[in-house]
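# Descriptive analysis of the structure
Chain by chain, the residues:
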Amino acid sequence: MTSNRSTKGIIFGVDHVIYDMVAYVDQTYLDKYDLQPNNAILAEDKHRPIYDELLQNDNYKISYSPGGATQNTLRVAQWYLREPESTSFVGCIGQDTFGDKLKACMKKEDIRTSYLVDPEKPTGVCAVLITGGNRSLVTRLDAANEYKIAHLVLPATWSLVTDARFYYIAGYFLTVSPDSMIEIGEHAVSTNKCFSMNLSAPFLSQFFKEPMKKVLPYCDIVFGNEDEARAFAKDFDLNTKDLHEIAKKVANMPKKNSKRSRIVIFTQGASPAVVFKDNQAKEYPVLPISAENIVDTNGAGDAFVGGFLAEYVLDKDIETCVTNGMHAAHMNLQVSGCSLPEHQ
């Protein structure tokens, strides 16, 4: 993807910084820890043994990659945009090997980072447990949970915010620093820049409803999947399970920046994505893929957003943006984790 104008620094994101441990397990292993085959949860005490257990057994074929929803989305957007440092990312890591590996990987992928380093806690890690074409995410946040708004407003970090024209933050960050999201949202409103958020997981609208309610008015684009959309509809009393109706109601919820109408996008696996824009809902079919070609569903939603944003920031029409999002998700489904091929 090329553009005549520079895209350097155009997209900014902040979120959990996670290092993914991708492991292949069976249903018995999921049952042992009371895990669902296609879900995302924060680790409880009963899940703590998982990480050492995976490390100590070669049968699980562990691989590692940068993780965290927003970080993965920006990696995909950067891959499409190509110009070095088109994307910038902020979060908190530990003073450890995983943190160093993350910094090196992001630098190699031409993403500008400004990590807050916590000397006390280790870098966050996510066990990505693959069963067939499904993935169960169990995240131990550690340092990822320690991000502070004081780091965001430092001149060196805030300059990344002011240089950007588009902001994307996964809903997971509502559990860490909603104040940071609001600070960025206020800047976006005052400068008429685009602020977007992902609903990210069903538990967020239930257990973090109040911070979500505070951040939503800043959102020009809301992303989510069908499960997250229906959980949101239930928790926010929208009184419908129909995705078109949910999208319409989310689009019409209170909004700070009246210069931009809200776009709502719900993906639903192999079924068409629902896009609500300009007061109408439209469905977009996904690219067909056979079950045997699906390696890992982990990160497909993040990849969709990255592909979408890479076109959206270039002022492309919504159909082009969604199509590129579908391409990114299709590409991601056929690899383990959020892996990006080398450019030819």
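Details of the structure are given in the entry above.
Described in the following lines is the structure provided in the data block. (Residues numbered from 1 in each chain as written. Predicted model: local features only at pLDDT ≥ 70, side-chain atom pairs only at ≥ 80, totals over all residues. Heavy atoms only, no water.)

If you tally the helices and strands in the protein, you get 13 helices and 14 strands. The C-alpha atoms of the protein give a radius of gyration of 19 Å, which matches the 20 Å a tight globule of 344 residues would have. Burial status across the protein gives 55% buried among its 344 residues. If you take every contact in the protein between residues at least 6 apart in sequence, the share linking residues at least 24 apart comes to 74%. Charged side chains in the protein number 35 positive and 43 negative. The centres of these two groups are separated by 5 Å. (Helix = DSSP H or I, 4+ residues; strand = E, 2+ residues; numbered from the N terminus. Rg over C-alpha atoms; globule rule 2.2 N^0.38 Å. Buried < 20%, exposed > 50% of the residue type's maximum accessible area, 1.4 Å probe, protein only. Contact = heavy atoms within 4.5 Å. Lys, Arg positive; Asp, Glu negative; His and termini not counted. Charge placed at Lys NZ, Arg CZ, Asp CG, Glu CD.)

So, on to the pairing of strand E10 (residues 194-198). Among the five residues of E10, five are classified as buried, and the element is accordingly described as predominantly covered. Side chains of E10 alternate between two faces, with Cys194, Ser196 and Asn198 and Phe195 and Met197 buried alike. Pairing geometry for strand E9 (residues 166-170) and E10, over five bridges, is parallel. Residue Tyr168 lies in a different strand from E10, and its bridge partner there is Ser196. Crossover connection from E9 via helix H7 (residues 178-191) to parallel E10: handedness right-handed. The pairing of E10 with strand E11 (residues 221-225) spans three bridges and is parallel. Bridging from a neighbouring strand, Asn198 pairs with Phe223 of E11. (Pairing = 2+ DSSP bridges. Right-handed = clockwise from strand over helix to strand, strands pointing away.)

This brings us to the packing of helix H3 (residues 69-81) against helix H13 (residues 318-333). Geometry of a packed helix pair, given as the angle between the helix axes and the separation of the axes. Where H3 contacts H13, the two axes come as close as 12 Å, and the packing angle between them is 110°. Classified by the interaxial angle, the pair formed by H3 and H13 is roughly perpendicular. For the pair H3 and H13, the sense of crossing is right-handed. Contacts from Val76, Trp79 and Tyr80 in H3 reach Asn324, His327, Ala328 and Met331 in H13. (Axes fitted to C-alpha atoms, helices over the stretch in contact; angles between N-to-C directions. Parallel < 35°, antiparallel > 145°, perpendicular 65-115°, else oblique. Left-handed = near helix turned anticlockwise from the far one by under 90°.)

Glancing now at the pattern of salt bridges. Tallying each qualifying case throughout the model produces 15 salt bridges. A salt bridge links Glu109 to Arg75; its shortest N-O distance comes to 2.8 Å. Here the residue Glu109 occupies a position in the loop between helix H4 (97-108) and strand E6 (112-118), and Arg75 occupies one in helix H3, the gap between them amounting to 34 residues. Using a relative accessible area of 21% as the deciding quantity, one classes Glu109 as partly exposed. (Salt bridge = Lys/Arg side-chain N within 4 Å of Asp/Glu carboxyl O.)

Let's shift gears to the side chain of Asn198. Considering the arrangement of structural elements, one finds Asn198 in strand E10. For Asn198, a relative accessible area of 8% translates into the label buried.

What follows deals with unusual backbone geometry. The phi dihedral of Asp142 falls on the positive side, at around 45°, and the residue is not glycine. You can see Asp142 is positioned in the loop between strand E8 (134-140) and helix H5 (149-152).

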